[in-house]
Amino acid sequence: MDELRRQTRDGYDVVARAYAQLLPDTRYEAAPDLAMVQHFVTGVSASAERPRVLDAGCGTGRMIGHLAALDPSLDVVGADLSPAMAAEARAAHPGRQIDVADLSDLPHDDASFDGVLAWYSIIHTPPHALAPVLDELGRVLRPGGSLLLGYQAGTGDRRLDRPYGHDVELRAFLHHTPYVRSSLETAGLTVDSTLDRAARPGEPHAQGFVIATRG
Ligand SMILES: C[S@@+](CC[C@H](N)C(=O)[O-])C[C@H]1O[C@@H](n2cnc3c(N)ncnc32)[C@H](O)[C@@H]1O
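Enquirer: Is there a simple way to think about the overall build of the protein chain in this case?
Expert: Across its full length, the protein chain carries six helices and nine strands. Relative to its length of 215 residues, the protein chain is compact, with a C-alpha radius of gyration of 16 Å against a globular reference of 17 Å. When the backbone C-alpha atoms are referred to their principal axes, the protein chain occupies close to 45 × 40 × 35 Å. Evaluated residue by residue, the protein chain yields a buried proportion of 53% over its 215 residues.

Structure below.
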């Protein structure tokens, strides 16, 4: 494991309990962000009787709850790099499969999901290292399946200041939507919809969302 991933895993292990308490659900997401999630779920729900969805980088599992609330027929499983975040997700969603895994090395079979959500989980991966992650997210999607990415949009990186009230180092990277789009296409996915929205008051960055389909 490289130093950046180790730092990300160890940082989230420390903040996991606070993250679960401070961000229990989607109350801080803006309406257009949630509209992209709804758009993703509508497409995935129409594609199978009991669609399988992977929440890739599920953290404490708040988006698992959101997806299941939008469509209770979804079979949502999670995966996260941080054992403590995954433990929070398991406690919040007993009976659901939540694996500890890296986005670039998932334990799931090829083409085993109708949808994959990566909601703010690529933000700790620098743009130059996105390719293996997108290849892997594409690998586990069945042909015709959908991927939704959410991230802070722009360029550059930042060190989070006392994230979730803890004295730990976490480094995050902004992603430039045209670069995300071309990286997805290189990974064999076709971009269906993109949304870049401006930062809201008090939000430090613009936000980006992309829905892509595996060919
Ligand atoms: C900002 S949190 C978002 C969590 C969740 N998706 C949510 O919206 O609440 C980022 C999460 O991505 C996970 N993560 C970051 N890099 C990862 C990687 N390479 N593989 C798997 N998980 C990763 C972190 O452990 C953390 O739980």
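Enquirer: Mind showing me how you'd approach the site of the ligand here?
Expert: If you check the shell around the ligand, you find 21 residues, and the closest are Tyr19, Gly57, Arg62, Asp80 and Trp119. The contact in question runs from an oxygen atom of the ligand to an N or O atom on the side chain of Arg62, over 2.6 Å. Between the ligand and Asp80, the relevant distance is 2.7 Å, taken from an oxygen atom to a side-chain nitrogen or oxygen of the residue. Bound to the protein, the ligand loses 98% of the 590 Å² it would expose on its own. With four residues, the single largest contributor to the shell around the ligand is helix H1 (residues 3-22). In terms of residue class, the shell around the ligand is made up of eleven nonpolar, six polar and four charged.

Enquirer: Got a minute to help me understand the nonpolar core in this structure?
Expert: Most often, soluble globular proteins have nonpolar side chains that are buried together. Of all hydrophobic cores here, the largest spans 49 residues; its most connected members are Leu137, Leu149 and Leu184. Looking at this core element by element, the count peaks at six residues for strand S5 (residues 141-153). Ignoring any residue separated from it by four or fewer positions in sequence, one finds Leu184 in contact with Leu134, Leu147, Leu149, Leu189, Val191, Val210 and Ala212. Grouped together as the second largest cluster of nonpolar side chains are ten residues, Val15, Met85, Val168 and Leu170 included.

How each quantity is defined
- Residues numbered from 1 in each chain as written.
- Predicted model: local features only at pLDDT ≥ 70, side-chain atom pairs only at ≥ 80, totals over all residues.
- Heavy atoms only, no water.
- Helix = DSSP H or I, 4+ residues; strand = E, 2+ residues; numbered from the N terminus.
- Rg over C-alpha atoms; globule rule 2.2 N^0.38 Å.
- Buried < 20%, exposed > 50% of the residue type's maximum accessible area, 1.4 Å probe, protein only.
- Near = heavy atom within 4 Å.
- Polar contact = N/O pair within 3.5 Å; in protein donor to acceptor, adjacent residues only side chain to side chain.
- Areas by Shrake-Rupley, 256 points an atom, 1.4 Å probe, with all protein chains shown as cover.
- Nonpolar A, V, L, I, M, F, W, Y, C, P; charged D, E, K, R; others polar.
- Core = buried A, V, L, I, M, F, W, Y, C linked by side-chain atoms within 4.5 Å.
- Contact = heavy atoms within 4.5 Å.

None of this, on its own, says anything about what the molecule does.
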